[in-house]
Amino acid sequence: MDRNRAPVRVGMLGLGTVGAGVADVLQGKDSSLGRRLGRPIVLGKVLVRDLNKTRSVPSGLLTASASDVIDSPDIDLVVEVLGGIDPAFDYVRRSLVNGKHVITANKELMANHGLELLTVAQEHGCDLFFEASVGGGIPLIGPFRQDLAANEITEIHAIINGTTNYILTRMTEDGASFHQALEEATEKGYAEPDPTNDVDGHDSAYKLAILASLAFGGPVPPEAVYKEGIRHLSTVDFDYARELGYTIKLLATSKRDAGGVEVRVHPALVTRDYLLSQVSGVENAVRIKGDLLGHALFAGRGAGPGPTSSAIVADLIDLVHNINSGTHARIPARFDEGLVIKPMSEVISRYYFRVWVADRAGVLARIGQVCATTGISIAALVQKEADPSSGTAEIVILTHAAREADMQAAVAGIAGLEVVDRVATLLRVEDLTDED
Ligand SMILES: NC(=O)c1ccc[n+]([C@@H]2O[C@H](COP(=O)([O-])OP(=O)(O)OC[C@H]3O[C@@H](n4cnc5c(N)ncnc54)[C@H](OP(=O)(O)O)[C@@H]3O)[C@@H](O)[C@H]2O)c1
C-alpha cells in the first residue's frame, strides 16, 4: 500500500443488519483492502438513529446528524444502508451534489428514483453504485452494466425474494399450507412481522423494475409492474403442478419484443426439471436471455449481512479504483431510453386453471364453448376430485398460449356458467428449457 496516498474516508448512513456487516468487513479486512487498493480505506462517520445501542464500531464514529456524513469535507464516499425513500433519497442526492460517490443497497430508492439519482451523479462527476439492491451477493448489476453489454437482452426470469421462495419451497416439499409456511418463515427470521412487502410481490417488483431498467436501458417505474402475491395459493395446486411436470414459483418476469416491455410478478408454473424451479429455500436466481449469450443463470444467497456486504464492498473496490485513476462512470448504468410498457392485458402466456363444476354430463362441452368463443385453446384437461355430497367435481385445465385479456374473458365466462361452482385458481405457465 502507498502510505503517502490519502486514505479514502467512508461515511455510512445506517448501521443495521447490512450496515453492521459492511462495517465489520471494512474494519476486519482493512489491511488487505488497503493493500489491494494502494491506499488505506477508513471508516469516517456512521449515521444511526439511536446513539445508545451497543454497536460493533467505536462510539466516537457514530453520529445522529446526517450532515456529519453527507456535508462533511472529511468524507469521500457514502454507503447508504438506511432503507426506504425518506430520508434516504434526500441524503443520497445531497451526497452526490456535494461531490461524494455513493453506494446504496436500497432497491426501493433505486426503483423509484434511479434515473434521477444517476443523472445527478453524472452532473456532479460522481459514481452511484447499487449492486446490493438486487439479489444480495449475486452479481447482477455489474454483469448487466459490463459483461452482458454486447447483448440485446430479451428476457429475464427471476426468483428474487427469499422469503416467498422459502414459503413456496415448504408448500412444495412438505405440503405445508401458506399460513403454516409463513409462520415458520417468521420464526426463522426470514419473514418480517408484517410480511406484506414480500408475500404480495412488492419487494420483487422493485427489484424487477431495477433489472428491467438496466436490461432495456430505460426507466421502468415500479408501479408499472403487474403484481400478484402468493397468499391465494392452495396445497392442491402444488400437487397438480407436480403431476403436470411443474413447480410453483413467485416469478419476476420481463420480456421485450417489438410491442414493448412486459414486467410482471406473479406465481407461475415453471418446468420442474429446469434449473430455476430447483432453486429452493431463501436462495435467489435470475435467468437472463440475450441475443448473443443465449441464456445464463445467476444463483445464490439474495440477502443477509454477508452476501449484501460482499456486493457493497465490491462496489467500494470498483469505486476506489475509479478514484485512484481519476475517472468515473466508465461503463454507466443507462436508464435513459424511452420504453413502452405493455399493459398486462396484452401479455401472452400459457395458463393453468382449476374449476369446480356440477358433476354431470355436458359440463365440459359448455366450458369448451366459452374457451372457443374467447380464443382460448385447451392443451390438456384433467378431471380430479369429485365430491358426491355436493355433486361437484374439480377439473384442471392447461391452455396453449393466449392473450391475458382473452384468458380473463374466458375465466369470467366460465365462472358465469350455471354448471360452474367456482374458478378456484388461475396461474400462468412458463415453459423454460435449456435450449432457449
Ligand atoms: N437485510 C438484508 O438482508 C438486505 C439485503 C439486501 C439489501 N438490503 C437493503 O439494505 C438497506 C438496509 O437494510 P437493513 O436490513 O440493514 O435495515 P435495518 O437493519 O433496519 O437498518 C437500518 C439502519 O438505518 C438506521 N436508520 C434508519 N432510519 C434512519 C434515520 N432516519 N436516521 C438515522 N438513521 C436511520 C437505523 O438506525 P438504528 O440502528 O439507530 O435504528 C439502522 O442502523 C435497505 O435498503 C434494504 O432494502 C437489505
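For the structure given in this document, a descriptive report is provided here.

## Quick word on the overall build of the chain
Within the chain, the regular secondary structure consists of 14 helices and 17 strands. Whereas a compact globule of 436 residues would reach a radius of gyration of roughly 22 Å, the chain reaches 25 Å, a difference of no more than 12%. Oriented by its inertia axes, the alpha-carbon framework of the chain measures out at about 85 × 45 × 35 Å. Looking at the 436 residues of the chain, the share that counts as buried comes to 52%. A sequence separation of at least 24 residues applies to 74% of the contacts in the chain between residues at least 6 apart. Side chains of the chain carry 41 positive and 57 negative charges; the gap between the two charge centres is 4 Å.

## Re the site of the ligand
Near the ligand there are 22 residues, and of these Leu15, Val18, Asp50, Arg55 and Gly304 occur at the shortest range. Lys53 is positioned such that a nitrogen or oxygen atom in its side chain is 3.0 Å from an oxygen atom of the ligand. Between Lys107 and the ligand, the recorded distance is 3.2 Å, taken from a side-chain N or O atom to an oxygen atom. Protein chains shield 77% of the accessible area of the ligand, which is 900 Å² for the free molecule. Taken atom by atom, the bulk of the ligand overlaps the largest pocket. Partitioned by chemical class, the residues of the shell around the ligand number 10 nonpolar, seven polar and five charged.

## Notes on the pattern of salt bridges
All chains considered together, the criterion is met by 30 salt bridges. Across the salt bridge formed by Asp174 and Arg170, the nearest N and O atoms sit 1.9 Å from each other. Here the residue Asp174 and the residue Arg170 both occupy positions in helix 7 (residues 162-174), the gap between them amounting to four residues, near one helical turn. Residue classification places Asp174 among the partly exposed residues on the basis of a relative accessible area of 48%. Here Asp431 makes a salt bridge to Arg350, at a shortest N to O gap of 2.8 Å. Remark: Arg350 occurs in strand 13 (residues 348-358) and Asp431 occurs in the segment after strand 17 (420-430); sequence separation between them is 81 residues. It is possible to trace a salt-bridge network through shared partners that takes in Lys255, Asp257, Glu262, Arg264, Lys342 and Glu430.

## So, the packing of aromatic side chains
Tallied over the full model, the rule gives one aromatic pair. Note that Arg145 overlies the ring of Phe129, its terminal NZ or CZ placed 4.7 Å from the centroid.

## What about the layout of surface pockets?
There is about 1,200 Å³ of room inside the largest pocket. Put simply, the parts of the chain that give the lining of the largest pocket at least two residues each are helix 1 (17-28), helix 5 (107-123), helix 7, helix 9 (196-199), helix 10 (202-216) and helix 12 (305-325). Residue composition of the lining of the largest pocket, grouped by class: 12 nonpolar, 18 polar and nine charged. Of all the secondary structure elements, the ones that give two or more residues to the lining of the second largest pocket are helix 5, strand 6 (128-129), helix 6 (141-147) and helix 12. Top element by residues in the lining of the second largest pocket is helix 12. It accounts for six residues. Residue classes in the lining of the second largest pocket are distributed as 17 nonpolar, six polar and seven charged.

## Focus: unusual backbone geometry
Along the chain, Asp86 connects to Pro87 via a cis peptide bond; the corresponding omega equals 15°. Tracing the backbone shows Pro87 in the loop between strand 4 (77-80) and helix 4 (88-97).

## Examining the nonpolar core
Formed by 82 residues in total, the largest nonpolar core has its most connected members in Phe130, Phe144 and Ile167. Sort the elements by how many residues they give to this core and helix 10 lands first, with 10 residues. Residue contacts for Phe144: discarding those within four places in its chain leaves Ala149, Ile153, Ile156, Leu211, Leu214, Ala215 and Ile288. The next biggest cluster of nonpolar side chains, apart from the first, holds 30 residues, and it includes Leu43, Leu61, Ile103 and Val320.

Conventions we followed
Residues numbered from 1 in each chain as written. Predicted model: local features only at pLDDT ≥ 70, side-chain atom pairs only at ≥ 80, totals over all residues. Heavy atoms only, no water. Helix = DSSP H or I, 4+ residues; strand = E, 2+ residues; numbered from the N terminus. Rg over C-alpha atoms; globule rule 2.2 N^0.38 Å. Buried < 20%, exposed > 50% of the residue type's maximum accessible area, 1.4 Å probe, protein only. Contact = heavy atoms within 4.5 Å. Lys, Arg positive; Asp, Glu negative; His and termini not counted. Charge placed at Lys NZ, Arg CZ, Asp CG, Glu CD. Near = heavy atom within 4 Å. Polar contact = N/O pair within 3.5 Å; in protein donor to acceptor, adjacent residues only side chain to side chain. Areas by Shrake-Rupley, 256 points an atom, 1.4 Å probe, with all protein chains shown as cover. 1 Å grid on protein atoms, 1.4 Å probe; cavity = no way out; pocket = protein on both sides within 12 Å on 5 of 7 lines; lining within 4 Å. Sits in = over half its atoms within 2 Å of the grid points. Nonpolar A, V, L, I, M, F, W, Y, C, P; charged D, E, K, R; others polar. Salt bridge = Lys/Arg side-chain N within 4 Å of Asp/Glu carboxyl O. Phe/Tyr/Trp six-rings, centres within 6.5 Å; stacked < 30°, edge-to-face > 60°. Lys NZ or Arg CZ within 6 Å of the ring centre and 35° of its normal. Points joined across faces, edges and corners; volume = space filled by probe spheres on them. Core = buried A, V, L, I, M, F, W, Y, C linked by side-chain atoms within 4.5 Å.

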